[in-house]
Amino acid sequence: MASKTKPTLYALLIAIGDYQSPVSKLAGTIADLRDMETYLKEVEADHFTVDIRTLKEDQATKDNIIVACLEHFCKAGPEDSVLLFFAGHGTREYAHSSVWTTETNNLLECLVCYDGVKIDEEGELTTNLLADKELRYLLHEASSKGAHVSAVFDCCNSGENTRSALPQVVRRFTPPSNGATAFPRRSLNQFFFWADLKAKALINDEVQPLSTWLPEGRHVQLAACRGREFAYENTETNRGAFTESLVTTLRKSGGKVTYRDLQAEVSNNLRGRFDQQPEAYPSTNPEDLFSTFLGKAVEPRPNYGIVQYNQPEDGEARWVINMGGISGLTQIGTKVLVDTPDGQLAAEVSRVNLAFSELSFAPAAAPDPTNTYRGVPSTQHLPALPILVSFAAHAPAPIIAALTKLLSEKSTLKITGNAAAAKYELSADEEKSWLTLPGDHRPLIHPVQLDDTNFTLTWNRYFDHLVEWHRLLDLENPAPFRFKKFPLQITLGVLDENEQETELPDREYHQLTFLPDAEEGQHRTISFRIRNTHDTELFVALLAFGRDFLCTSKFLTPSVVALPTGSSTAIFNDRRNPGQLQVEPNDYMVKDRWPVDSIWIKCIASTNETALKSAVQEFELQALPHPHSREKNFRSITPYKPRRTGPDWITRTFRFDFKLEGSSTV
């Protein structure tokens with residue numbers, strides 16, 4: 001039998017060190033490229049047919065980089081992988097706020113190509129930078145045929161897309177020579193894709209949402225540092241600190257390491273030596289963090305976290321595990337078993353944050369603080385949803401047994417005979433199975449036929465989705481220590497048929513009625529504005545939940561907004577109607593004569609921007625297929641004394657019930 005053809009890895013490796021004035025030179029970038037190239041040829045060649053293209057020094061002009069990306073990556077098919085690697089300078093330029101509306105700081109992150117910054121014959125500074133929006137276009141094109149795409153950036157500002165003047169290190173950052181925050185704003189025509197996309201971006205002179213004309217391609221980005229940090233170059237080894245650690249970790253694992261664990265290991269290696277925090281960003285699907293480097297395999301979402309000794313910005317060192325409220329780890333005092341070379345050690349959760357939790361070990365029982373470890377919580381305290389089962393007398397016994405077994409094996413579900421205590425009711429007859437509210441006959445999601453070949457798998461996915469939806473809906477901080485009350489003043493309003501706004505009472509439950517409209521159908525518009533009343537800058541995210549089991553953070557653009565003390569913002573950033581959200585009923589609920597349709601809005605306020613941004617990546621859940629949908633498949637986007645320093649977070653959830661006309665109660 002012929003052996004299966006290996007997939008191809010299409011790698012483009014770019015390194016620039018010999019920059020021309022006024023850009024400072026870098027010593028370690030070419031060594032970074034060689035190290036990555038050697039690793040790919042010696043290790044990844046076991047998994048791929050490796051096709052590498054390199055651009056070094058004066059070869060790496062902006063035009064050459066664009067052409068190489070488009071030509072090289074377009075060869076990648078759905079079974080292949082793509083790697084874009086860049087080692088050089090990073091910088092920023094001012095953005096067109098009217099077009100790049102998601103850039104709240106009015107800045108674009110950029111790669112400095114070989115010809116990125118020049119002084120012309122008249123002594124004027126000119127730029128030809130490769131902006132993050134141009135990289136977005138290139139990565140979208142690379143992923144268009146279904147290839148797994150990875151992008152690795154060892155440069156400054158890469159966390160949103162530099163090597164500090166500390167001993168033995170050099171920043172990889174190019175600042176404007178005039179002391180400005182960023183380089184001058186370029187004309188839109190200087191974005192290489194603008195001529196092709198202008199007609200989609202501007203319709204009747206109105207800028208369209210970025211996602212409609214410049215969608216983000218699916219990829220995973222490994223960045224040397226966060227957006228406000230520098231990436232460093234180690235002059236002792238003449239290599240980038242990030243790339244050096246990255247390649248070392250990849251070699252040690254044979255490339256069989258998930259992006260999640262790779263980021264944690266590299267961060268730990270750099271901690272205490274270089275003032276930078278590497279990050280891993282999945283562009284569209286949080287589950288991509290659990291695929292191995294270059295997409296060789298997708299691992300099940302692990303029930304362990306990475307435990308390490310962390311020295312945060314506030315200067316207070318502590319043991320942490322990268323699991324927090326978003327992972328279902330919500331209880332202070334939860335036991336965590338930490339695997340070390342000398343056996344397991346027991347730790348206890350002492351504080352819960354959104355994306356991580358702090359741990360405490362017994363005196364003299366902590367492991368070596370220079371290493372990272374795997375930690376397994378004794379329980380993640382996910383809610384056990386009570387399910388009422390009511391099978392028809394003529395439902396097949398094997399079906400009853402399969403569903404009962406599935407419910408019994410899930411720690412997040414429990415079977416109950418009490419309809420009043422149940423969240424949902426699972427029913428089955430001789431043809432199909434379906435889920436309703438207790439005592440109601442109307443299916444909430446698409447029924448599953450008994451002869452469906454994926455019967456058990458479909459219900460397994462349905463149940464996992466329901467648990468995840470409820471976990472996010474119930475998400476709250478068990479012990480906020482910096483907030484005596486919710487730190488945002490929230491002003492709610494509702495518009496009448498004449499579009500006149502009436503302020504709603506400051507409470508968390510509201511009953512409203514949809515307004516009929518001959519052209520648009522039933523709808524209602526609510527307004528939502530927030531003001532920071534706390535004594536420090538806060539970072540705010542918004543989650544919206546629907547009866548169709550949707551959860552999304554995309555009503556707020558960008559999904560995390562910085563809110564200085566005393567400042568206000570419209571929570572729904574609709575360009576034409578700032579601060580307003582038009583709600584329409586689900587069609588299937590109208591068809592099935594439901595009495596109400598509901599939405600929930602959860603505000604999350606945090607003092608830690610990075611933690612909130614990391615958590616937001618896991619907030620997306622697509623709606624489950626509705627009862628009348630022809631599409632059955634879906635994709636889910638899973639004794640203590642508090643200290644008075646460090647990050648904190650808090651939530652507040654609002655529910656709106658909208659009465660539906662012509663409804664029935666059963």
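1. Notes on the overall build of the chain
Point 1. Of regular secondary structure, the chain possesses eleven helices and 38 strands.
Point 2. Per-residue burial for the chain yields a buried fraction of 53% across its 666 residues.
Point 3. Accessible surface computed for the chain: about 29700 Å², of which carbon and sulfur atoms make up 48%.

2. Observations concerning the sheet that holds strand β9 (residues 148-154)
Point 1. If you walk across this open sheet you meet the six strands as β2-β1-β3-β9-β13-β16, and the pairing is mixed. Of all the strands in the sheet, the pair left with one neighbour each is β2 (49-56) and β16 (279-282). Strand-to-strand twist across the sheet, computed as the mean angle between neighbouring axes with direction ignored, equals 15°.
Point 2. By the bridge criterion, seven bridges tie strand β1 (residues 8-15) to strand β3 (residues 81-87) in an arrangement that is parallel. In the strand pairing of β3, Tyr-10 is matched with Val-82.

3. Quick word on the nonpolar core
Point 1. Formed by 88 residues in total, the largest nonpolar core has its most connected members in Trp-459 and Phe-656.
Point 2. It is helix α9 (residues 455-473) that provides the largest number of residues to this core, a total of nine residues.
Point 3. Residues contacting Phe-656, with those up to four places away along its chain left out, are Leu-492, Leu-504, His-510, Leu-512, Ile-526, Asp-597, Ser-598, Ile-599 and Ile-601.
Point 4. Listed in part, the 51 residues of the second largest apolar core include Ala-68, Ala-142, Cys-155 and Leu-214.

4. Brief notes about the side chain of Thr-8
Point 1. Along the polypeptide, Thr-8 turns up in strand β1.
Point 2. Under the relative-accessibility criterion, Thr-8 is labelled buried at 14%.
Point 3. Setting aside anything within four residues of it in sequence, one finds Thr-8 in contact with Phe-48, Thr-49, Asp-51, Asp-80 and Ser-81.

5. Re helix α7 (residues 259-270)
Every α-helical turn comprises 3.6 residues, leaving residues that sit three or four positions apart pointing alike.
Point 1. Taking 1.5 Å of rise per residue, the twelve residues of α7 would be expected to cover 16 Å, and the 17 Å separating its terminal C-alpha atoms lies within 8% of that figure.
Point 2. Most of α7 sits out of view: eleven of its twelve residues are buried.
Point 3. All of the buried residues in α7 are Tyr-259, Arg-260, Asp-261, Leu-262, Gln-263, Ala-264, Glu-265, Val-266, Ser-267, Asn-268 and Leu-270.
Point 4. Turning to α7, the residues buried within the fold contact β9, β13 (220-223), α6 (241-253), β16, β17 (305-310) and β22 (373-377).

6. So, the side chain of Asp-657
Point 1. Locating Asp-657 in the fold gives a position in strand β38 (residues 649-659).
Point 2. Apart from the residues lying within four places of it in its own chain, the contact partners of Asp-657 are Tyr-509, His-510, Gln-511, Leu-512, Asp-597 and Ser-598.

7. Re a negative patch on the surface
Point 1. Side chains of Asp-120, Glu-121, Glu-122 and Glu-124 sit close together on the surface and give a patch of like negative charge.
Point 2. Within the element layout of this structure, Glu-124 appears in the loop between β6 (117-119) and β7 (125-127).
Point 3. On the accessibility criterion, Glu-124 (48% relative accessible area) is partly exposed.

8. Considering the confidence of the model for the chain
Point 1. For the chain, per-residue confidence averages 83 on the pLDDT scale, and residues scoring 70 or more make up 86% of the total.
Point 2. Contacts for the low-pLDDT stretch residues 159-170, under 50 throughout, to residues beyond four places or in other chains number 63 contacts.
Point 3. Of the regions scoring below 50 in pLDDT, residues 631-645 engages in 40 contacts with residues more than four places distant in sequence or in other chains.

9. Observations regarding the packing of aromatic side chains
Point 1. Scanning the entire structure with this criterion turns up 17 aromatic pairs.
Point 2. Both rings, one in Tyr-137 and one in Phe-193, keep their centres 5.6 Å apart while their planes meet at 15°; by these two values the pair is stacked. Assigned by exposure class, Tyr-137 and Phe-193 land together as buried.
Point 3. Here Tyr-259 and Phe-293 contribute two aromatic rings whose centre-to-centre distance is 6.0 Å and whose plane-to-plane angle is 65°, an arrangement assigned as edge-to-face.

10. Overview of the pairing of strand β28 (residues 488-495)
Point 1. Among the eight residues of β28, six are classified as buried, and the element is accordingly described as predominantly covered.
Point 2. Two strands pair when backbone bridges link them, and β28 and strand β31 (residues 524-532) are joined in this way by seven bridges, in the antiparallel orientation. Within the sheet, the bridge partner assigned to Leu-488 lies in β31 and is Asn-532.
Point 3. As defined by bridge partners, β28 adjoins strand β29 (residues 501-503) across three bridges and the pair is classed as antiparallel. Bridged to Gly-493 within β29 is Glu-503.

11. A look at the sheet that holds β22
Point 1. Strands sit in the order β17-β18-β21-β20-β19-β22 around a closed barrel of six strands; the barrel is antiparallel. Neighbour-to-neighbour, the strand axes of this sheet turn through a mean angle of 40°, independent of strand direction.
Point 2. Where strand β19 (residues 335-340) lies against β22, four bridges are found, and the strand directions are antiparallel. Paired with Asp-339 across the strands is Arg-374, a residue of β22.
Point 3. Lying over the sheet, α7 contacts β17 and β22, oriented at roughly 15° with respect to β17.

12. Examining the pattern of salt bridges
Point 1. All told, the structure shown has 28 salt bridges when counted by the stated rule.
Point 2. With its nearest N and O atoms 3.5 Å apart, the salt bridge here joins Asp-132 to Lys-133. Across this residue pair, the class does not change: Asp-132 and Lys-133 are buried.
Point 3. For Lys-410, the salt bridge identified is with Asp-464, shortest N-O distance 2.7 Å. Residue Lys-410 is located in the loop between α8 (397-409) and β24 (413-416), and its partner Asp-464 is located in helix α9; the two are separated by 54 residues in the primary sequence.
Point 4. You can call Asp-464 partly exposed: its relative accessible area is 36%.

13. Structural notes on the pairing of β17
Residues in a regular strand project their side chains so that they alternate between the two faces of the sheet.
Point 1. Along β17, five of the six residues are buried, which leaves the element largely enclosed by surrounding structure.
Point 2. Sheet topology note: the β17/β22 ladder contains three bridges and is antiparallel. Note on β22: the bridge partner recorded for Ile-306 is Arg-374.
Point 3. Across four bridges, β17 lies against strand β18 (residues 318-321) in antiparallel orientation. Its bridge partner lying in β18, Asn-310 is registered against Arg-318.

14. Quick look at helix α4 (residues 194-201)
Point 1. Residues of α4 that are buried include every one of Trp-194, Leu-197 and Ala-201, and no others. Looking down the long axis of α4, one finds its buried residues gathered within 85° of arc, a one-sided arrangement. Away from the buried face of α4 by more than 90 degrees, exposed residues Ala-195, Asp-196 and Ala-199 are located.

15. Concerning the packing of helix α2 (residues 62-73) against helix α3 (residues 132-143)
Point 1. The geometry of α2 relative to α3 is characterised by a closest axis approach of 9 Å and an angle of 20° between their N-to-C directions. Classed by the angle they form, the pair α2 and α3 counts as roughly parallel. Relative to α3, the crossing made by α2 is left-handed. Across from Lys-62, Ile-66, Cys-69, Leu-70 and Phe-73 in α2, the residues of α3 making contact are Glu-134, Tyr-137, Leu-138, Glu-141 and Ala-142.
Point 2. Grouping the amino acids of the contact of α2 with α3 by side-chain chemistry returns seven nonpolar, no polar and three charged.

So, how was this worked out
Residues numbered from 1 in each chain as written. Predicted model: local features only at pLDDT ≥ 70, side-chain atom pairs only at ≥ 80, totals over all residues. Heavy atoms only, no water. Helix = DSSP H or I, 4+ residues; strand = E, 2+ residues; numbered from the N terminus. Buried < 20%, exposed > 50% of the residue type's maximum accessible area, 1.4 Å probe, protein only. Areas by Shrake-Rupley, 256 points an atom, 1.4 Å probe, with all protein chains shown as cover. Pairing = 2+ DSSP bridges. Axes fitted to C-alpha atoms, helices over the stretch in contact; angles between N-to-C directions. Core = buried A, V, L, I, M, F, W, Y, C linked by side-chain atoms within 4.5 Å. Contact = heavy atoms within 4.5 Å. Expected span 1.5 Å × (residues − 1). Patch = residues over 30% accessible without salt bridge, like charges linked within 9 Å, V, L, I, M, F, W, Y side chains within 5 Å. Salt bridge = Lys/Arg side-chain N within 4 Å of Asp/Glu carboxyl O. Lys, Arg positive; Asp, Glu negative; His and termini not counted. Charge placed at Lys NZ, Arg CZ, Asp CG, Glu CD. pLDDT = per-residue confidence, 0-100. Phe/Tyr/Trp six-rings, centres within 6.5 Å; stacked < 30°, edge-to-face > 60°. Arc of directions from axis to C-beta. Parallel < 35°, antiparallel > 145°, perpendicular 65-115°, else oblique. Left-handed = near helix turned anticlockwise from the far one by under 90°. Nonpolar A, V, L, I, M, F, W, Y, C, P; charged D, E, K, R; others polar.

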